[in-house]
Amino acid sequence: MASYNSKSTNETARKLFKILLSNPRIKVSWVKAHAGNIGNERADQLAKDATQHGQPYSHTKLPKPRIKGLLRKRMLEEWQTSWKNGDTGRKIYNIMPSVSLRPTNWIREDVIFFSQHGPFPACLKRFHLSDSDYCSGGGIGTALHYATEYIYTVSWQMRKPAPNFEQE
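Bear in mind the structure is a predicted one, so any value in this text is a computation, not a measurement. (Residues numbered from 1 in each chain as written. Predicted model: local features only at pLDDT ≥ 70, side-chain atom pairs only at ≥ 80, totals over all residues. Heavy atoms only, no water.)

Peer 1: Tell me what's going on with the overall build of the protein, and back it up with residues and numbers.
Peer 2: Secondary structure summary: the protein contains 7 helices and 0 strands in total. Its helices and strands in sequence order give the protein the pattern α-α-α-α-α-α-α, from N to C terminus. Taken over 168 residues, the protein has a buried fraction of 18%. Taking contacts inside the protein between residues at least 6 apart in sequence as the whole, the part at least 24 apart equals 14%. A total of about 14,100 Å² of accessible surface is found on the protein, and carbon and sulfur atoms cover 57% of it. (Helix = DSSP H or I, 4+ residues; strand = E, 2+ residues; numbered from the N terminus. Buried < 20%, exposed > 50% of the residue type's maximum accessible area, 1.4 Å probe, protein only. Contact = heavy atoms within 4.5 Å. Areas by Shrake-Rupley, 256 points an atom, 1.4 Å probe, with all protein chains shown as cover.)

Written out as structure tokens, the structure reads:
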């Protein structure tokens, strides 16, 4: 790539090299073509238009906050679509169906309980970190089991939900 050659005689390459040197936060990397990368697809289209119509793309300069806002909006839309159509985290999705950049007021224990990702035998077995999903009391060691039935947590147990509400 000519932009990586500081001795290039190509004027555009020299300008690009100078920009890259003065902006260390800008990274140039290879991106697989036609793999659904929105920026790459747009660049391909602009290059094609320029070769077919002989007109270079003239862009309107947008203020940085506007660009950041547009990118944030697009990122949240993509994240929401992925969250809605995904197959992981469904228990949390049932509680929080919308994504947000704002932190929740959940405490660590709430996250562990509702996600069921914690030091529970059922979770450890699911991730192949244990051979058994049974707790020391003999039941299947889920968060709900510890909160409603486990013999050593009787002092702070809650009432077990009806079977039709257990999933929620």
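Peer 1: Now, about a nonpolar patch on the surface: what can you tell me, with residues and values included?
Peer 2: Together, Leu62, Ile67, Leu70 and Leu71 make up a nonpolar patch on the protein surface, roughly 350 Å² of accessible area in all. Mapped onto the secondary structure, Ile67 falls in helix 3 (residues 64–85). (Patch = residues over 30% accessible without salt bridge, like charges linked within 9 Å, V, L, I, M, F, W, Y side chains within 5 Å. Salt bridge = Lys/Arg side-chain N within 4 Å of Asp/Glu carboxyl O.)

Peer 1: Can you lay out the pattern of salt bridges for me, pointing to particular residues and giving the numbers?
Peer 2: The final tally for this structure, using the stated rule, is 2 salt bridges. A salt bridge links Lys15 to Glu11, with the nearest nitrogen and oxygen atoms 3.3 Å apart. Of the two residues, Lys15 and Glu11 are both situated in helix 1 (residues 11–22); the distance of 4 residues between them amounts to about one turn of the helix. Given a relative accessible area of 56%, Glu11 falls into the exposed group.

Peer 1: How would you sum up the side chain of Thr148? Please name residues and give values.
Peer 2: With respect to the secondary-structure elements, Thr148 resides in helix 7 (residues 143–148). According to the relative accessible area criterion, Thr148 is buried, its value standing at 10%.

Peer 1: Describe the side chain of Asn40, listing the residues and the values that go with them.
Peer 2: Secondary-structure assignment places Asn40 in helix 2 (residues 38–53). For Asn40, a relative accessible area of 18% translates into the label buried. In contact with Asn40, other than residues within four places in its own chain, are Val31, Lys32, Ala33 and His34.

Spatial relationships are all this shows, so hold off on functional conclusions.
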